[in-house]
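A structural walkthrough
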Amino acid sequence: MRVWCCVVFMISTISTGVLLPTPQNKEEKETYDRHYWYSQAEQTLQKRLHYAPENNPIAKNIILVVGDGMSLTTSTAARILKGQRKGQFGEDTDLAWDTFPAVALAKTYNIDAQTGESSACATALLCGVKAHYETLGLDVGGKFNNCASAINSKVPSLIDWAHSAGKSSGIVTTARVTHATPAALYAHAPSRYWEDDSRVSPVVRRDCKDIALQLVENEPGKSINVIMGGGRRHFLPTVTLDPEKPNREGRRLDGRNLAEDWVRDKRKKLLRAKYITSKEQLNKIDPHHIDYLLGLFEYSHLNFNVDRGTVINSEDETGTSSTKKIDDPSLADMTRTALSIIKKNEKGFFLFIEGGKIDHAHHYNNPYRALDETLELETALLTALERVNIAETLVVVTADHGHVMTFGGQRTPRGHPILGADVEVSDIDGLRYTTLLYGNGPGHSEPRSLPVNVTNSFSSPDALHESAVPKQWATHGGEDVPVYALGPMATILFTGVVEQSYIPHAIAYAACLAHQSRRCMKTNYTEPKKKSQGCAASEVSSVSVEETSNERTRSRSLVVASSVMSDERINRSSGRYHMSCHFAIHYITFFCINWFSNIMNKA
């Protein structure tokens with residue numbers, strides 16, 4: 001009887017194991033809030049620290065260089081143009097960042113957009129979380145044009161983190177200082193277009209300040225040491241005429257002159273500050289007697305580099321024309337002055353340098369200006385490199401997103417003009433085509449046509465190159481963008497393909513900022529253990545993640561192997577339960593079979 005009972009039990013347990021549903025490793029639905037992106041950045045960081053040496057250097061200073069819209073194709077073409085301007089072939093020429101020892105690729109999609117948009121990309125790049133299309137400095141809770149959604153969705157930026165470490169800070173850009181990319185460093189807005197109060201609904205102006213007002217009144221904006229770029233119109237009231245363009249007035253409806261308010265606030269605090277509007281004033285700045293500098297050199301964006309020093313006829317919205325000499329400072333001029341001021345801080349500095357006009361030229365299908373602005377950005381970087389100690393300065397060069405410019409040809413010889421047409425004609429319509437083309441934009445024409453003297457025509461700064469699809473403005477590109485790095489921990493942190501939101505966390509780790517400052521607290525933090533040399537196993541990282549919801553805070557430990565997608569989540573408790581049952585069934589089955597065999601042998 002006992003024998004049959006054992007047989008029945010064995011069969012039932014085996015059946016139970018067979019009939020139990022196979023555990024499904026379904027991917028959990030993610031909320032994509034700030035904790036998700038912080039967690040993902042930490043996982044990526046730990047993977048790269050796996051083989052890092054024990055004693056890692058600390059970056060005292062940080063220089064983040066952003067080419068707005070500087071795709072990999074843009075960088076390649078600019079490299080060739082640089083060489084050809086020197087009478088060389090160009091293909092073997094190096095840009096400054098080409099010589100950096102560390103290179104990575106960053107994914108530029110937004111939470112709700114496949115192709116990245118500037119303000120959302122800037123939020124990822126500068127705040128460490130991905131955001132909704134056209135929102136600024138907000139996490140997933142921020143919704144476009146919705147003031148209420150912004151109140152509890154604000155996220156800190158690299159400048160916040162730098163200030164908390166006692167560092168000085170600076171922003172220099174060829175765009176408006178309130179524009180999408182630089183504004184992500186200090187502002188939180190449900191719309192990137194809220195650059196002044198005229199764009200904000202009167203109903204919500206009390207609860208949601210415009211971007212320019214945040215720069216002057218809120219942290220971290222009002223504590224930034226150097227701010228230089230364009231955009232005076234967003235700081236001046238409608239009753240005030242622009243100092244350089246007297247036929248234009250400010251756009252503010254609250255009657256405030258924010259530039260004057262900025263100076264007044266600094267003087268009230270007995271801080272040495274100055275507001276300037278011209279290159280001439282910039283050249284007279286004595287960094288030994290200035291600690292805060294606001295430079296607004298244009299009514300809107302600064303002009304293109306190729307147009308500086310020229311005399312143009314401009315026309316305002318009312319049709320009134322005027323003659324003006326463009327004499328904006330170069331990006332290198334602003335970088336030089338900014339560094340001379342913020343370098344005085346013994347605790348270090350954070351400097352943001354943006355080539356904002358690369359993007360504008362690409363939107364016009366105008367590669368001449370896009371490449372020239374890229375070389376202007378390189379000049380600014382070289383100016384900075386001459387003035388810092390690389391042993392204690394982390395330099396990162398990247399883009400917020402790409403563009404739809406392509407580069408190609410058939411049997412195109414070495415040294416062929418990068419802005420010219422290919423040596424071959426189309427085998428469809430028999431017409432020539434430029435090696436630099438656009439996927440869409442204003443360069444489209446039907447039927448397709450090219451000037452007779454193609455080389456000279458397309459070497460003109462005003463030349464538009466062909467596009468496949470007609471649009472008033474070319475769109476952004478959705479491809480990954482390169483990330484070049486030099487300085488402390490660059491070769492460890494900036495490798496492989498990463499989320500764009502990882503970059504500020506990696507910078508924070510190198511400089512021991514904010515949530516990454518624990519690296520410098522030797523008594524409270526232990527560096528990740530290093531594997532011994534030999535056959536490399538799958539990379540595994542373990543990180544404790546604090547996830548806060550509206551109702552409670554919960555802690556979970558994640559272990560992600562290199563063979564697993566970084567955004568994949570496994571129900572680990574369910575897996576452990578089924579594994580335990582599986583082993584128990586096998587053990588009972590094995591015991592019963594052996595016991596049954598012994599009984600039968602004795603019989």
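Residues numbered from 1 in each chain as written. Predicted model: local features only at pLDDT ≥ 70, side-chain atom pairs only at ≥ 80, totals over all residues. Heavy atoms only, no water.

This model, assessed by the stated rule, comprises two disulfides. Through a disulfide, cysteine 147 is tied to cysteine 208; the S-S separation comes to 2.0 Å. Sign of the S-S torsion, about 100° for the bond between cysteine 147 and cysteine 208, identifies this disulfide as right-handed. Taken together, the residues cysteine 147 in helix α5 (residues 147-150) and cysteine 208 in the loop between α7 (180-183) and α8 (211-217) connect sequence positions 61 residues apart. Taken individually, cysteine 147 and cysteine 208 each receive the classification buried, so the pair is uniform in this respect. There is a disulfide in this structure between cysteine 512 and cysteine 520, and the S-S distance comes to 1.9 Å. Every disulfide takes its handedness from the sign of the S-S torsion; for cysteine 512 and cysteine 520 that torsion is 85°, giving right-handed. Disulfides within the protein link the bonded cysteines, taken in sequence order, as 1-2, 3-4. (Disulfide = S-S within 2.5 Å. Helix = DSSP H or I, 4+ residues; strand = E, 2+ residues; numbered from the N terminus. Buried < 20%, exposed > 50% of the residue type's maximum accessible area, 1.4 Å probe, protein only.)

For the rest of this paragraph, the subject is the packing of aromatic side chains. With the rule as written, the count across this model stands at five aromatic pairs. Geometrically, the ring pair formed by tyrosine 36 and tryptophan 37 is edge-to-face, given 4.8 Å between the ring centres and 90° between the ring planes. In this pair, the class of tyrosine 36 matches that of tryptophan 37, namely buried. Ring geometry for tyrosine 364 against tryptophan 473: centres 5.0 Å apart, planes inclined by 40°, an arrangement best described as tilted. Of this pair, tyrosine 364 sits in the loop between α12 (357-363) and α13 (367-385) while tryptophan 473 sits in the loop between β16 (467-470) and β17 (476-477); the two residues are 109 residues apart in sequence, bridging distant segments of the chain. Within the aromatic cluster, the residues linked to one another by ring pairs are Tyr32, Tyr36 and Trp37. Cation over ring: lysine 130 sits above tyrosine 109, and NZ or CZ is 3.5 Å from the ring centre. (Phe/Tyr/Trp six-rings, centres within 6.5 Å; stacked < 30°, edge-to-face > 60°. Lys NZ or Arg CZ within 6 Å of the ring centre and 35° of its normal.)

We now examine the UniProt feature "binding site: Zn(2+)" (unreviewed entry) in the protein. Within this numbering scheme, the UniProt entry marks Asp68, Asp359, His363, Asp400, His401 and His476 as carrying the feature "binding site: Zn(2+)" (unreviewed entry). Among the structural elements, histidine 401 can be located in the loop between β10 (393-398) and β11 (402-403). The buried category is assigned to histidine 401, whose relative accessible area is 0%. For histidine 401, the residues in contact, after removing those within four places along its chain, are Asp68, Gly69, Met70, Ser71, Thr108, Gly116, Ser118, Cys121, Asp359, His476 and Val481. A distance of 3.2 Å separates polar atoms of two side chains, one belonging to histidine 401 and the other to aspartate 68. (UniProt positions renumbered as here; feature names shortened; annotations may be inferred. Contact = heavy atoms within 4.5 Å. Polar contact = N/O pair within 3.5 Å; in protein donor to acceptor, adjacent residues only side chain to side chain.)

This next bit is on the pairing of strand β6 (residues 292-296). When you tally the buried positions in β6, you get five out of five residues, the bulk of the element. Both faces of β6 are covered, namely the face carrying Tyr292, Leu294 and Leu296 and the face carrying Leu293 and Gly295. With four bridges connecting them, strand β4 (residues 226-230) and β6 associate as parallel partners. Bridged to glycine 229 within β6 is leucine 296. Taken together, the four bridges between strand β5 (residues 273-276) and β6 define a ladder with parallel strand orientation. Paired with alanine 273 across the two strands is tyrosine 292, which belongs to β6. (Pairing = 2+ DSSP bridges.)

In terms of nonpolar packing, the biggest core is built from 116 residues, with Ile353, Leu493 and Phe494 touching the most fellow members. By residue number, the principal contributor to this core is helix α16 (residues 502-511), which donates eight residues. If sequence neighbours within four positions are ignored, phenylalanine 494 has contacts with Ala102, Val103, Ala104, Leu394, Val396, Val483, Ala485, Ile503, Ala506 and Ile507. (Core = buried A, V, L, I, M, F, W, Y, C linked by side-chain atoms within 4.5 Å.)

Of all the 10 residues making up α16, 10 are buried; the element is thus mostly covered by neighbouring parts of the structure. Among all positions in α16, only Tyr502, Ile503, Pro504, His505, Ala506, Ile507, Ala508, Tyr509, Ala510 and Ala511 are buried.

A few words on the side chain of histidine 465. Looking at the element boundaries, histidine 465 is found in the loop between α14 (454-458) and β16. Polar side-chain contacts of histidine 465 include one of 3.3 Å to the side chain of threonine 434. For histidine 465, the side chain forms a polar contact with the main-chain oxygen of leucine 436, separated by 2.9 Å.

One open sheet holds the three strands; their spatial order is β12-β15-β16, and the pairing between them is mixed. Pairing within the sheet leaves two strands with one partner each, and these edge strands are β12 (405-407) and β16. Taking each pair of neighbouring strands and ignoring which way they run, the sheet shows an average axis angle of 20°. Strand direction decides the pairing type here: strand β15 (residues 436-441) and β16, joined by three bridges, are parallel. Paired with asparagine 440 across the bridge in β16 is valine 469. Lying on the sheet, helix α3 (residues 72-85) is in contact with β12 and β15; it crosses β12 at an angle near 55°. (Axes fitted to C-alpha atoms, helices over the stretch in contact; angles between N-to-C directions.)

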